[in-house]
Amino acid sequence: MNRGTPVTLRMHPDDNVAIVANEGGLPAGCVLPPGRPGAGLTLRDSVPQGHKISLEPIAAGAPIRRYQVPIGYAREAIPAGSWVHEKLLRMPEARALDALPMASVQAPVASPLEGYSFEGYRNPDGSVGTRNILAITTTVQCVAGVVSLAVQRIRSELLPRYPHVDDVVGLEHSYGCGVAIDAPDAVIPIRTLRHISLNPNFGGELMVVSLGCEKLQPQRLLPPGSFPIVDGRAPDQAPHTVCLQDAQHVGFMSMLDDIVQSARPHLERLNARRRETVPASELVVGVQCGGSDAFSGVTANPAVGAMADLLVRAGATVMFSENTEVRDAVEQLTGRASSQAVAQAIVRELDWYDRYLERGRVDRSANTTPGNKAGGLSNIVEKAMGSIVKSGSASIDHVLSPGEKLRRDQRGLVFAATPASDFICGTLQLAAGMNLHVFTTGRGTPYGLAECPVIKVATRSELARRWHDLMDFNAGQIADGELDIEAAGWALFHLLLDVASGRKKTWAETWKLHNALVLFNPAPIT
Ligand code: CA
């Protein structure tokens, strides 16, 4: 982009605001050039990059429209050419969850995409891993320190002998005791942990470390029959468990040795596996955004939406989530549901989440961060409209409650209801069966997961340049006029196949950037 030429971006011809694309923003007195929204206007204020300019005079109380929807109402008269910052907007009320359009929109008919494949690890239950990882399930936080040291030892002493195993990870978390385990909502953290243990990147191996006295006993976490096939054994047999309080353990070294030795047969079986060519339909991609700015909804999220459409056409599964960031777009979601039942499930999840927030005496507006606002996002409505485009244009085929796992026959576009918190959303998408993660960011976050490759997409070229060894794809090229959204979607689609096949590592994998698993626990703590 020529940094001297003012560049403004409008999302829809009906919008009365546009955002400034130029790095460093635009100064007061600047005249907008022909051929762009606001041509001929003189700026009354200096406007930072990513922030909004009024393209016409807006009367007090009139809607400020972006993405063709009112993102707010003017608190005072706003002359044309003004900086429309968050203090000038009154936020609209949340759309009521009744009388919504239900399964009313016919998704555009797109031809199936055939012939695309990747190299993956086929699991005993038919699912496919993009990595070959030994995961050690923990029933309770008390064992986390011991497991973490055991993982270090397995990495240094055993992994060099098993070159086809990518890594070993401890599935550590904060619970196991503390949670009122019989409270109705405790089902969410319990099933989340169970289902993460069954993630396709772990090859169907189950290895558990327990303390002994915890509320969440191994047989409650992984009851017989809750897992399809475990390391070749019958499904009614309990997985191998190391219990630290067992009388056989005399001293700390005994516990550590037991965990390290127990890992051997699992590593043997994982190491015997090889990648094989599988159809692209075996991808289960979780999409998410974090550290959003006004470009998220202009560059990175539309590119991810185009990628999502390609994946759905290829028969793959795409999960989108983040309840508070889709709440203001609820009528688009229910309209795009493939059936009445799916539309009702969307309403059920968002209604549950409204009441969850009410219990804490907040609402969806608690979502936006100081960084979002500094990046030009005035409120959650504007953020939501930019967030929802990650889901592309396909019809929504399935809905998952937090911690639920997708069945093998559930393909296509899935709304997996989760909080928007990056770590909780990522954790719940892992539980749902995600084998590849795509994460967009505008402000920048070094987010990564040990359990699954995370492909990070920058919204702006400036961020992609500054964080050249953290960002995997630069969607800022769209604002620079160097790439269109469809081409960006195809580029991401091919990048996904390369990363899924292990031909390419993500930056988070290269640097081993691993954020913690964070369980969503709406149940009381005792
Ligand atoms: Ca997020």
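Residues numbered from 1 in each chain as written. Predicted model: local features only at pLDDT ≥ 70, side-chain atom pairs only at ≥ 80, totals over all residues. Heavy atoms only, no water.

1. As for the environment of Met-255
With respect to the secondary-structure elements, Met-255 resides in helix α4 (residues 252-271). Look at Met-255 and you get buried, because its relative accessible area is 19%. When the C-alpha atoms of Met-255 and Gly-50 are compared, they prove to be 54 Å apart, with 205 residues separating the residues in sequence. Apart from residues no more than four positions distant in its own chain, Met-255 is found in contact with Leu-244 and His-249. (Helix = DSSP H or I, 4+ residues; strand = E, 2+ residues; numbered from the N terminus. Buried < 20%, exposed > 50% of the residue type's maximum accessible area, 1.4 Å probe, protein only. Contact = heavy atoms within 4.5 Å.)

2. Quick look at the sheet that holds strand β20 (residues 454-458)
Ordered in space as β17-β18-β16-β15-β19-β20-β21, the seven strands form an open sheet in which the pairing is parallel. A single partner strand is all that each edge strand has here, and the edge strands are β17 (396-400) and β21 (473-474). The sheet contact formed by β17 and strand β18 (residues 412-416) spans four bridges and is parallel. Residue pairing across strands places Leu-400 opposite Ala-416, the latter belonging to β18. Along the sheet, helix α11 (residues 422-432) makes contact with β15 (284-289), β16 (317-320), β17 and β19 (436-441), crossing β15 at roughly 170°. (Pairing = 2+ DSSP bridges. Axes fitted to C-alpha atoms, helices over the stretch in contact; angles between N-to-C directions.)

3. Structural notes on the domain arrangement of the protein
What the domain assignment lists for the protein is domain 1 (1-93), domain 2 (119-271) and domain 3 (286-511). Summarising the inter-unit geometry, the C-alpha centres of domain 1 and domain 2 are found 53 Å apart. (Domains from an automatic or database assignment.)

4. Section: the side chain of Ser-127
Mapped onto the secondary structure, Ser-127 falls in the loop between β8 (117-122) and β9 (128-129). Judged by relative accessible area, which is 11%, Ser-127 ranks as buried. Of note is the side chain of Ser-127, whose polar atom sits 2.7 Å from the side chain of Asp-125. Discounting residues that sit within four places of it in the chain, Ser-127 has contacts with Tyr-121, Arg-122, Pro-200 and Arg-408. (Polar contact = N/O pair within 3.5 Å; in protein donor to acceptor, adjacent residues only side chain to side chain.)

5. Considering the sheet that holds strand β6 (residues 83-84)
The strand order across the open sheet built from four strands is β1-β2-β3-β6, with neighbouring strands paired in antiparallel fashion. The sheet is open, and its two edges are formed by β1 (8-9) and β6, each paired on a single side. Relative to β6, strand β3 (residues 52-54) runs antiparallel, the two being bridged by two bridges. Bridge assignment links Lys-52 to a residue of β6, and that residue is Val-84.

6. Looking at helix α14 (residues 485-500)
Helix length check: α14 (16 residues) gives 22 Å between terminal C-alpha atoms against 22 Å at 1.5 Å per residue, within 8%. Of the residues making up α14, those classed as buried are Ala-488, Gly-489, Leu-492, Phe-493, Leu-495, Leu-496, Leu-497, Val-499 and Ala-500. Phi for Gly-502, located one or two positions after α14, is positive at around 80°. (Expected span 1.5 Å × (residues − 1).)

7. So, the coordination of the calcium ion
Every protein donor of the calcium ion is accounted for by Gln-288 (OE1), Cys-289 (O), Glu-322 (OE), Ala-420 (O) and Asp-422 (OD), and the metal-donor separations fall at 2.4 to 2.6 Å. Read in sequence order, the donor residues coordinating the calcium ion give the pattern Q-C-x32-E-x97-A-x1-D. Of the two residues, Gln-288 sits in strand β15 while Asp-422 sits in helix α11, which places them 134 residues apart along the sequence. (Donors = N, O, S within 2.8 Å, 3.2 Å for Na, K, Ca; no water.)

8. Things to note about the packing of aromatic side chains
The geometry of two aromatic rings is summed up by the distance between their centres and the angle between their planes. In the structure shown here, the tally under the stated rule is 13 aromatic pairs. A centroid spacing of 6.0 Å and a plane angle of 50° characterise the contact between Tyr-116 and Trp-490, whose relative ring orientation is tilted. Placement of the pair is Tyr-116 in the loop between β7 (89-90) and β8 and Trp-490 in helix α14, with a sequence separation of 374 residues. Ring geometry for Trp-490 against Phe-493: centres 5.6 Å apart, planes inclined by 85°, an arrangement best described as edge-to-face. Of this pair, Trp-490 and Phe-493 are both found in helix α14, three residues apart, which corresponds to roughly one turn of the helix. In this structure Phe-493 comes out as buried when scored by relative accessible area, which is 0%. Feature note: the residues Trp-352, Tyr-353, Tyr-356 and Phe-520 constitute an aromatic cluster, connected by ring pairs. (Phe/Tyr/Trp six-rings, centres within 6.5 Å; stacked < 30°, edge-to-face > 60°.)

9. Brief notes about the side chain of Asn-16
Structurally, Asn-16 is set in the loop between β1 and β2 (17-20). A distance of 2.8 Å separates the side chain of Asn-16 from the backbone nitrogen of Arg-65, its partner in a polar contact. Not counting the four nearest positions on each side in its chain, Asn-16 is found in contact with Ile-53, Ser-54, Leu-55, Glu-56, Ile-58, Pro-63, Ile-64 and Arg-65.

10. Considerations on the pairing of strand β12 (residues 207-210)
Burial along β12 is two-sided: Met-207 and Val-209 facing one way and Val-208 and Ser-210 facing the other are all buried. The pairing of strand β10 (residues 133-138) with β12 spans three bridges and is classified as parallel. By the bridge assignment for β12, Ile-136 is matched with Met-207. In terms of strand pairing, β12 meets strand β13 (residues 240-243) through four bridges, oriented parallel. Considered in β13, the bridge of Val-209 is made with Val-242.

11. A few points about a nonpolar patch on the surface
Together, Leu-149, Phe-252 and Met-253 make up a nonpolar patch on the protein surface, roughly 270 Å² of accessible area in all. Residue position: Phe-252 is located in helix α4. (Patch = residues over 30% accessible without salt bridge, like charges linked within 9 Å, V, L, I, M, F, W, Y side chains within 5 Å. Areas by Shrake-Rupley, 256 points an atom, 1.4 Å probe, with all protein chains shown as cover. Salt bridge = Lys/Arg side-chain N within 4 Å of Asp/Glu carboxyl O.)

12. Here we look at unusual backbone geometry
You will see that Ala-103, though not glycine, has its phi angle at about 50°, which is positive. Given a relative accessible area of 29%, Ala-103 falls into the partly exposed group. One non-glycine residue, Arg-361, adopts positive backbone phi at about 60°. In this structure, Arg-361 sits in the loop between α8 (340-359) and α9 (370-374). Here Arg-361 falls in the exposed class, since its relative accessible area comes to 79%.

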